[in-house]
Amino acid sequence: MLIHEVQMCDGFERAINSLHASEQYDIFITGSNAFLLSSDLSTLFTGRTFEIEVFPFSFEEYRLYSDEGEVDRDFDEYARTGGMSGSYPYPLQEQRYQYLSNVFKTLIVRDIVQRHNVRNESALLRIADYMMDNVSNITSARNITDILNADGLKITNKTVGTYMGYLCDAFAFYKVRRYDIRGKKYLRSGEKYYLADHAFKYALLGTRDMDWGRVYGNMVAIELLRRGYEVYVGVLYKKEIDFVAIRRSEKLYIQVSDDISSDKTFEREISPLLSIGDAYPKMILARTHHEATDRDGVQIVDLARWLCGEA
């Protein structure tokens with residue numbers, strides 16, 4: 001039994017509990033609303049729930065949808081189109097971006113403004129725009145507050161932090177904390193935020209001045225979450241590793257780059273990985289267009305082939 005957006009009905013938990021008690025149905029409660037979080041449901045249904053988080057299409061799923069053409073061509077299309085499959089039937093890219101823009105704004109209005117009675121919707125949208133424009137960069141509520149106040153929008157640090165939390169609760173963004181590799185501890189500040197789907201940025205902010213390295217970083221962050229990893233930003237001395245991915249006893253160290261063809265760029269990407277003292281796998285994901293290679297224990301892997309499970 002599939003029950004969609006049930007939180008719109010008052011007292012729905014009593015009806016769900018009654019159906020569950022009958023032991024006649026497998027019950028799936030679906031929806032995009034921030035109310036449908038595991039913490040809320042576990043309170044209502046006393047631990048009888050299991051959360052299945054659904055992400056936009058992965059690159060592998062996109063290729064299945066599009067009948068699996070040539071990998072590099074498919075990747076270039078996916079990098080621009082994203083994983084929101086509702087946009088795929090539209091023949092023109094601009095129509096797809098219009099669809100994505102509408103989805104994002106509807107998500108904000110329905111899941112945040114209405115539920116939390118947000119009065120300053122324009123401020124919420126400004127904060128979302130800033131977070132989109134700074135995907136893969138360290139972002140804090142204080143920095144956003146300073147920028148918005150300098151632009152004449154009077155808002156407090158507390159309000160900005162609250163709105164950022166709303167955006168994450170509504171699955172528009174995912175917060176990734178920093179992890180001190182040497183000290184083996186989680187750091188309390190300097191988080192990064194990644195969009196649920198990278199194409200939302202094109203739809204809301206346009207495609208000028210694209211930083212493909214940051215776009216690819218967003219794609220990798222979401223793919224790691226999709227594969228069930230806990231994801232952190234690694235810190236080692238003054239160096240940064242893009243991702244520390246942990247899944248039970250498994251750990252991966254990953255650097256993501258647009259292009260490592262120059263010696264200077266390659267050295268910049270591999271140096272932090274070589275500084276790590278443990279023996280867990282280390283890799284650089286980049287658009288190499290080649291089979292995976294190994295350099296001093298670090299795997300050099302083509303991003304497109306890693307995303308579709310071929311490497």
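To start, this report covers the structure provided alongside it. (Residues numbered from 1 in each chain as written. Predicted model: local features only at pLDDT ≥ 70, side-chain atom pairs only at ≥ 80, totals over all residues. Heavy atoms only, no water.)

Right, let's get into the pattern of salt bridges. Here the structure, examined in full by the defined rule, presents 13 salt bridges. Of the charged contacts, one joins Arg305 and Asp72 as a salt bridge, the two residues approaching to 3.3 Å between their closest N and O atoms. Taken together, the residues Arg305 in helix H12 (residues 303–307) and Asp72 in helix H4 (residues 71–81) connect sequence positions 233 residues apart. Taking the relative accessible area as the measure of exposure, Asp72 reaches 14% and is therefore buried. We note a salt bridge from Asp278 to Lys282, for which the minimum N-O separation is 3.8 Å. Under the relative-accessibility criterion, Asp278 is labelled partly exposed at 29%. Via salt bridges that share partners, Asp72, Arg287, Asp302 and Arg305 belong to a single interconnected network. (Salt bridge = Lys/Arg side-chain N within 4 Å of Asp/Glu carboxyl O. Helix = DSSP H or I, 4+ residues; strand = E, 2+ residues; numbered from the N terminus. Buried < 20%, exposed > 50% of the residue type's maximum accessible area, 1.4 Å probe, protein only.)

The next point concerns the side chain of Thr288. With respect to the helices, strands and loops of the structure, Thr288 is situated in the loop between strand S10 (282–286) and strand S11 (293–295). When neighbours within four sequence positions are excluded, Thr288 is seen to be in contact with Ile260, Ile300, Val301 and Asp302. (Contact = heavy atoms within 4.5 Å.)

Sheet architecture is open: eight strands sit in the order S5-S4-S7-S8-S9-S10-S12-S11, paired in mixed fashion. The open sheet has two edge strands with one neighbour each: strand S5 (185–186) and S11. Pairing analysis gives three bridges linking S11 to strand S12 (residues 298–302), with the strands arranged antiparallel. What sits directly across from Asp294, in S12, is Gln299. (Pairing = 2+ DSSP bridges.)

A word on unusual backbone geometry. Positive phi outside glycine occurs at Phe171, with the angle close to 65 degrees. One can find Phe171 in the loop between helix H8 (157–169) and strand S3 (173–176). Among the residues examined, Phe171 registers a relative accessible area of 23% and is labelled partly exposed. The phi dihedral of Lys184 is positive, around 50 degrees, even though this residue is not glycine. You can see Lys184 is positioned in the loop between strand S4 (178–180) and S5. For Lys184, a relative accessible area of 65% translates into the label exposed.

Take the nonpolar core next. Within soluble globular proteins, side chains that are nonpolar generally end up buried alongside one another. If you look at the biggest cluster of nonpolar residues, it comprises 68 residues, and the most contacted ones within it are Ile127, Leu167 and Phe173. In this structure, Ile241, Ile260, Leu273 and Ile300 belong to the second largest nonpolar core, which totals 17 residues. (Core = buried A, V, L, I, M, F, W, Y, C linked by side-chain atoms within 4.5 Å.)

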